[in-house]
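Notes for the structure review
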Amino acid sequence: MVESGGIKLDISGLDEFLRPGEVEAMSPRVAAAATSLEDGTCPGSEYLGWLDLPKRITDAELTAIEATADRARRDTASYVVIGIGGSYLGARAVLEALGGPAAGCPEILFAGTGLCSATLDRLLTRVRESDFLLCMISKSGTTLEPAVAFRLLRAELEKKYGRAGTAERITAVTDASRGALRGLATAEGFETYVIPDNVGGRFSILTPVGLVPLAVAGVDIRELVAGARAMREACRTDELTANPAHLYAAVRNLLYEKGFHNEVMSTFHGDLQMLQEWWKQLFGESEGKNGQGIFPASTVFTTDLHSMGQYIQDGRRNLQETFLCVREGVGGLSVPGPDAGDLDGLNYLGGRSLDDINWKAYQGTKQAHLAGGVPCTSFEMESLTPHTVGGLLYLFEKAVGVSGLLLGVNPFDQPGVETYKKEMFRLLGKR
């Protein structure tokens, strides 16, 4: 068990799957990978800006973002964030993990995450009846899904406010000097924030990509950054069993080498579902290369225990499971009782909190899966706060950097994504 920033990493569920001393024997390999990250000698070193990003974020930058958020909260009922992949997943993951926008903040809507006409039409219908602002997030401005959504939503703004009024209602988060969105923002006079060149999309949550929408939603972005800073320091120790990011990277790779090629992240906290989606992109896009990589999947329990639970319990034994669990959700919600007659058979739960029942469901599920031959790792938290979530984000970023290097791949490129884009553009006749 290692604990940092309110996050406990428990690997005791691996005792039956790893030989004594096997984790400690990984120390030299993990240290070499971590050193190559820190000194910038690893593959993809041009995209290591995320590594010390938490400590480089200045008070002036946070103050500017907070001022943008204050204006947005005064001016709109709906704030539409346009982006795909890392340009929206991080912000949405954090927002949902923390329970949604704070009181008095606009609703946060997401667009540009696909090309489904029905989804876009429903969004357009929704915003036509209210004031709304746009936050367009794209380094290039030419990624098809967000570019199409931006054109449609900008047209709706122009119908309401004219061209000049529209420009005042758009924030562009983009490249410092290049690309279609940068050119459009300069020409039209949009408010802009910069995506650093050395930070890839899936690592961009602590840049304006994530911080601007989260600040508009009322999230304490200073605490989010503080949590990431604290975890950055915790993940710099060379002692493997005291470093949560390195330890997680080590054990999942050991299991991979033993044939556990698929990792299921399971949570009992429904608000973490989008954080699981962010984790899936972070690890899937970073590791899935050259015929290598641990395939990331996710489940939300207890719901998925009634669907995927059977496979996890008794299916092919190529799964490793990582639990992401929160002890406290909404305090004070308990089962009523006792009830006269006990007709529903629930008097044994009368007065017990839903959080306690849910925690027992987690513990029972973990024991059942271990008995079924599934190696289990757990991240446990007492509650979700901006500080804790910020720490969790950085922990996973550091872990995937080390883990990808242990697999022998460049964790910071995504050549397979570019392949689908080329074929799609060819079929659409783009020149």
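Located above this text is the structure these notes cover.
From a predicted model like this one, the values you see are computed outputs, not experimental measurements. (Residues numbered from 1 in each chain as written. Predicted model: local features only at pLDDT ≥ 70, side-chain atom pairs only at ≥ 80, totals over all residues. Heavy atoms only, no water.)

Concerning the side chain of Thr-388
Going by this rule: Each helix is a run of DSSP H or I of at least 4 residues and each strand a run of E of at least 2, with the numbering of both proceeding from the N terminus. Remark: exposure states derive from per-residue accessible area (1.4 Å probe, protein chains only) relative to the maximum for the residue type, with buried under 20%, exposed over 50%, and partly exposed in between. Two residues form a contact once any of their heavy atoms are found within 4.5 Å.
Here Thr-388 is to be found in helix α14 (residues 386–407). Residue classification places Thr-388 among the buried positions, given a relative accessible area of 8%. For Thr-388, the residues in contact, after removing those within four places along its chain, are Gly-5, Ile-7, Met-381 and Ser-383.

Some thoughts on α14
How we decide: Helices are assigned an expected span. That span is 1.5 Å times one less than the residue count.
An ideal rise of 1.5 Å per residue puts 32 Å on 22 residues; α14 measures up with 32 Å between its terminal C-alpha atoms. Counting buried residues along α14, 20 of its 22 residues qualify, which places the element largely inside the surrounding structure. In the stretch just after α14, Gly-408 is the one whose phi turns positive, near 85°.

Notes on the sheet that holds strand β8 (residues 262–267)
Counted only if it meets this: What makes two strands pair is DSSP finding at least two bridges between them. The convention used is that axes are lines fitted to C-alpha atoms, helices contributing only their stretch in contact, and that angles between N-to-C directions extend from 0 to 180 degrees.
One open sheet holds the 6 strands; their spatial order is β1-β2-β11-β10-β8-β9, and the pairing between them is mixed. Two strands close off the open sheet at either side, each with one partner strand: β1 (2–4) and β9 (295–300). In this sheet, neighbouring strand axes are inclined to one another by 20° on average, regardless of whether the strands run parallel or antiparallel. Direction of pairing for strand β10 (residues 319–326) relative to strand β11 (residues 376–381): parallel, over a ladder of 6 bridges. Within β11, the position partnered with Cys-325 by the bridge is Glu-380.

Concerning the pairing of strand β2 (residues 7–10)
Sheet analysis places β1 next to β2, joined by 3 bridges and oriented antiparallel. Paired with Ser-4 across the bridge in β2 is Ile-7. Between β1 and β2, which follow one another and run antiparallel, lie 2 residues, and Gly-5 among them has a positive phi close to 60°. Two elements, β2 and β11, share 4 bridges in a ladder whose sense is antiparallel. Its bridge partner being in β11, Leu-9 is matched across the sheet by Phe-379.

Here we look at unusual backbone geometry
Backbone torsion omega between Phe-301 and Thr-302 reads 10°, so that peptide bond is classified as cis. Structurally, the position occupied by Thr-302 is in the loop between β9 and α12 (309–314). In this model, Gly-337 is joined to Pro-338 through a cis peptide bond whose omega is 5°. Unusually for a residue other than glycine, Asn-290 sits at a positive phi of about 55°.

Structural notes on the side chain of Glu-156
Counting through the fold element by element, Glu-156 comes out in helix α6 (residues 144–167). Those residues in contact with Glu-156 that lie beyond four places of it in its chain are Leu-124, Arg-128 and Phe-132.

Some details on the sheet that holds strand β6 (residues 170–174)
Backbone-to-backbone hydrogen bonds pair the strands of a sheet. The strands run either parallel or antiparallel. With parallel pairing, 5 strands are arranged side by side in an open sheet as β4-β3-β5-β6-β7. Looking at strand neighbours, the two that pair on one side only are β4 (107–111) and β7 (191–194), the edges of this open sheet. Neighbouring strand axes in the sheet, compared pairwise and without regard to direction, differ in orientation by 20° on average. Sheet topology places strand β3 (residues 78–82) next to β4; 5 bridges connect them, and they run parallel. The residue of β4 that forms the bridge with Tyr-79 is Ile-108. With respect to the sheet, helix α3 (residues 59–75) is in contact with β3, β5 (132–137), β6 and β7, its orientation differing from that of β7 by roughly 145°. Contacts between α6 and the sheet are confined to β3, β4, β5 and β6, with β5 contributing the most and set at about 135° to the helix.

Side note on the nonpolar core
Nonpolar side chains in soluble globular proteins tend to be buried together. Here is the rule we go by: Here, the term nonpolar core denotes a set of buried Ala, Val, Leu, Ile, Met, Phe, Trp, Tyr and Cys residues that are joined through side-chain atoms within 4.5 Å.
Leu-37, Tyr-79, Leu-214, Leu-324 and Phe-396 are the most contacted members of the largest nonpolar core, which has 93 residues in total. Beyond its immediate sequence surroundings of up to four residues, Leu-214 is in contact with Ala-91, Val-94, Leu-95, Ile-205, Val-219, Ile-221 and Leu-224. Of all hydrophobic cores here, the second largest spans 21 residues; its members include Leu-120, Phe-132, Leu-181 and Phe-190.

Here's the deal with the packing of aromatic side chains
Keep this limit in mind: The aromatic pairing rule takes the rings of Phe, Tyr and Trp, using the six-membered ring of Trp, and pairs them if the centres are within 6.5 Å, calling planes under 30 degrees apart stacked, those over 60 edge-to-face and the rest tilted.
According to the stated counting rule, one finds 18 aromatic pairs in the structure shown. Geometrically, the ring pair formed by Tyr-248 and Phe-379 is edge-to-face, given 5.1 Å between the ring centres and 80° between the ring planes. With Tyr-248 in helix α10 (residues 244–257) and Phe-379 in strand β11, this pair connects stretches of sequence that are 131 residues apart. A relative accessible area of 1% means that Tyr-248 is categorised as buried. Between Phe-268 and Tyr-362, the aromatic rings sit 6.0 Å apart at their centres with planes inclined by 65°, giving edge-to-face as the arrangement. Placement of Phe-268 in the loop between β8 and α11 (273–287) and of Tyr-362 in helix α13 (residues 354–371) is noted, with a sequence separation of 94 residues between them.

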